[in-house]
Protein chains: 2
Amino acid sequence: MKNITLIGSGNVATHLGLSLLKAGYSIKQVWSKKLINAKRLAEKINSNATDNLERIKNADLFIIAVKDDGLESLIQQLDIDNIVHTSGSIGLEAFNKKFKNYGVFYPLQTFNKKINLNFKTTPLCIEANNTFFKNELMQIGKNLTGTVKVMSSEQRKQLHIAAVFACNFTNHMFAIADSILAQNNIDFKLLTPIINQTVKKINQNKPKEVQTGPAERKEKNIIQSHINNLNDDKLKEIYKLISESIMRRNG
Amino acid sequence: MKNITLIGSGNVATHLGLSLLKAGYSIKQVWSKKLINAKRLAEKINSNATDNLERIKNADLFIIAVKDDGLESLIQQLDIDNIVHTSGSIGLEAFNKKFKNYGVFYPLQTFNKKINLNFKTTPLCIEANNTFFKNELMQIGKNLTGTVKVMSSEQRKQLHIAAVFACNFTNHMFAIADSILAQNNIDFKLLTPIINQTVKKINQNKPKEVQTGPAERKEKNIIQSHINNLNDDKLKEIYKLISESIMRRNG
C-alpha cells in the first residue's frame, strides 16, 4: 500500500497527508468539494487535485477525512475499495458493508492546518472489517506514529467524547478567560504559568485529586460573587453549572 | 522586612513559605486553626507553630493565606500591622482601614501542597493602601518571582474569574474525561498528546481562533449523538451548554 488518495482537504487531511508523505507514501489524489481547497492541499504534498468524485482513480488506500455530518452521504457515492474514514464518532457500520475492505483510521489529535504538529506522538486508533485489512492499517499506522491501538467503534466514540471535554471544551475555557481579560485590559499571557501547571499536575495525578479553586473549596460566597461579576448570562450559567459539578463530584 | 509570619497552612501558605525561605526570609510563626496543620508546615520551613491568634508575635510582615470564606472574620480578630492577604477575589476593603499598612499579595497559580512548583515563573499581583507599603511588597515580590504586577482589586477579581475558567474548570474537564475513559477501560494517558497540543496552540494564537471539535464545525448530529451517549444528566447538560457557547461565539 504505497499510493494513497485523500478524500477531504481540511485540518485532518492536511496533517495526515504531510505525515504520510514524510513516511514515504505517495499521495495520488486529493478530492475536495471545492477545487481550490483540493489544489491548495495537493500543492503541499506533491499530489493532484479534483472536485469530481467520478474522476477518482484507483489507489491502494482511500482515506476519507471530511466533516462527520457529511461522511455517510459521501460514502454512498463512492465506488472504490480499501477505504477508511478518520472519524472518532462514526462507527464501522457507516460503510454499510458495501466494500470488501473498510475500516477506521482515527488520529486522536486537535488539528489545525496552520499549526505544526508532531504526528509521531499522536495516538492512532484503527478498526477494520477483516484481519487482513486491519494488519495493513496497522503497518501504515506504525510508520506514522509510536502509538497505534486497535479499538472498537463503541470505545472510539467514548474516547472522542472524552477528547471533546479534555481538548475542545478546555480550549473554550481558555477563550472565555481571554475574553474576560481583554475586557479588562489584562494580558492573557499572565495565565500561561497557571495553565502550564494545570497540565503538568495531571501528568502524575488523577485530575480529580488535584482540583483547586472556589468550587473545590466550596466557597459559596466567592462563587456567587464571581457569577455576579460576569456580564453575560451564558457565562453565568456555565460558571454555575461547572462549579456545581465540581462540588458534586467532590462530595 | 525579613521576618514573616504566615497565617494559614494550606496550599498557598505552604508554597509561599517554601519560596520565601528559599529567597532568604525567615518564617517567624505559622498559625493555623488546627495546631497539627500549623506544625506540619512549620517543620518544613524552620518555623514555630501556633493555633492561638493571641499568641501571634510581632513580625515585619503578616501574610494571611486562608480560604476566602473565612478571611474577613479572621481579619477582624487580628491586632497587628503590615498585613496582606493572598486572595484574588477579595478586595483591599476587607481590611476595613483598621491597619496602618495593608495590602494584597496574590500569586496567580494553582497550588497543591504535594506538587512541586517553580514559583519564579508565577505572576504575583500586589496592591497596597499606601506607596511605602506597595514598594515594600514589590521588593519582596521581586525576590520571589520574575513577574510582579500592581493591580487594583477590581482587575484582580476579573483575573481570578478568568483563572477559574482557564485552570479550575479546565481541570474539571480533564476529570470528566478521565471518568468517561475509566468507565470504558481506556487509559487517560492516551489524551496526553491532544492536551499538550491544545495548550501549545494557544502560546501563539488566540484560543478562539484555534477552536476545533464538533461544536466548532456545527455538527449537530454528532453533538446530539454524544449527548445521547453520556450516561449522566449533569454531563449531558454541561456538554450541551458548552457546545452552544462555542457555536454562539463562532457566529
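Structure report, in brief. What you see is a predicted model; the values in this text were computed from it and never measured.

1. Things to note about the sheet that holds strand E3 (residues 48–50) of chain B
Working definition: the strands of a sheet are paired by backbone hydrogen bonds and lie parallel or antiparallel to each other.
Residues and elements named next belong to chain B.
Here is step 1: The strand order E3-E2-E1-E4-E5-E6-E7-E8 describes an open sheet built from eight strands, whose pairing is mixed. Two strands in the sheet have a free side with no partner beyond their single neighbour: E3 and strand E8 (148–150). Put simply, the sheet's adjacent strands are angled 25 degrees from each other on average, direction ignored.
Here is step 2: Strand direction decides the pairing type here: strand E5 (residues 83–85) and strand E6 (residues 102–107), joined by three bridges, are parallel.

2. Looking at a negative patch on the surface
Here is step 1: Together, Asp-233 and Glu-237 of chain A together with Asp-233 and Glu-237 of chain B make up a negatively charged patch on the protein surface.
Here is step 2: At the level of elements, helix H8 (233–250) of chain A together with helix H8 (233–250) of chain B are the ones that each hand at least two residues to the negative patch.
Here is step 3: Residue Asp-233 of chain A is classed as exposed on the basis of its relative accessible area, which comes to 62%.

3. Some words on the environment of Thr-110 of chain B
Here is step 1: Relative to the helices and strands, Thr-110 of chain B resides in the loop between E6 and strand E7 (124–128).
Here is step 2: According to the relative accessible area criterion, Thr-110 of chain B is buried, its value standing at 2%.
Here is step 3: Once the C-alpha coordinates of Thr-110 of chain B and Thr-122 of chain B are considered, the two residues, 12 residues apart in sequence, prove to be 9.6 Å apart.
Here is step 4: With residues near it in sequence (within four places) discarded, Thr-110 of chain B still touches Ile-194, Gln-197, Thr-198, Lys-201 and Thr-212 of chain A together with Cys-167 of chain B.
Here is step 5: A distance of 2.6 Å separates the side chain of Thr-110 of chain B from the side chain of Lys-201 of chain A, its partner in a polar contact.

4. Some points on the sheet that holds strand E3 (residues 48–50) of chain A
Residues and elements named next belong to chain A.
Here is step 1: Ordered in space as E3-E2-E1-E4-E5-E6-E7-E8, the eight strands form an open sheet in which the pairing is mixed. Bordering the open sheet on either side are E3 and strand E8 (148–150), each of which pairs with just one other strand. On average, each strand axis in the sheet is inclined to that of its neighbour by 25 degrees, with strand direction left out of account.
Here is step 2: Summarising the sheet, strand E1 (residues 3–7) and strand E4 (residues 61–64) pair through four bridges and their orientation is parallel. The residue bridging Ile-4 from the neighbouring strand is Leu-61, located in E4.
Here is step 3: Across the sheet, helix H3 (residues 68–76) lies against E1, strand E2 (26–31), E4 and strand E5 (83–85), angled at about 145 degrees from E4, the strand it touches most.

5. Focus: the nonpolar core
Here is step 1: Leu-159, Phe-165 and Leu-191 of chain A together with Leu-159, Phe-165 and Leu-191 of chain B are the most contacted members of the largest nonpolar core, which has 122 residues in total.
Here is step 2: Excluding anything up to four places from it in sequence, Leu-159 of chain A contacts Tyr-106, Leu-108, Cys-125 and Met-151 of chain A together with Leu-181, Ile-186, Leu-190 and Leu-191 of chain B.

6. Remarks on the pattern of salt bridges
Here is step 1: Overall, the coordinates contain 12 salt bridges over all chains when judged by the stated rule.
Here is step 2: For the salt bridge of Arg-217 of chain A with Glu-219 of chain A, the shortest nitrogen-to-oxygen distance reads 3.2 Å.
Here is step 3: Of the residues examined, Arg-217 of chain A reaches a relative accessible area of 28% and is grouped as partly exposed.
Here is step 4: Taking the relative accessible area as the measure of exposure, Glu-219 of chain A reaches 0% and is therefore buried.
Here is step 5: The network of salt bridges with shared partners includes Lys-234 of chain A together with Lys-240 and Glu-244 of chain B.

Conventions adopted
- Residues numbered from 1 in each chain as written.
- Chains lettered and ligands numbered in written order.
- Predicted model: local features only at pLDDT ≥ 70, side-chain atom pairs only at ≥ 80, totals over all residues.
- Heavy atoms only, no water.
- Pairing = 2+ DSSP bridges.
- Helix = DSSP H or I, 4+ residues; strand = E, 2+ residues; numbered from the N terminus.
- Axes fitted to C-alpha atoms, helices over the stretch in contact; angles between N-to-C directions.
- Patch = residues over 30% accessible without salt bridge, like charges linked within 9 Å, V, L, I, M, F, W, Y side chains within 5 Å.
- Areas by Shrake-Rupley, 256 points an atom, 1.4 Å probe, with all protein chains shown as cover.
- Salt bridge = Lys/Arg side-chain N within 4 Å of Asp/Glu carboxyl O.
- Lys, Arg positive; Asp, Glu negative; His and termini not counted.
- Charge placed at Lys NZ, Arg CZ, Asp CG, Glu CD.
- Buried < 20%, exposed > 50% of the residue type's maximum accessible area, 1.4 Å probe, protein only.
- Contact = heavy atoms within 4.5 Å.
- Polar contact = N/O pair within 3.5 Å; in protein donor to acceptor, adjacent residues only side chain to side chain.
- Core = buried A, V, L, I, M, F, W, Y, C linked by side-chain atoms within 4.5 Å.

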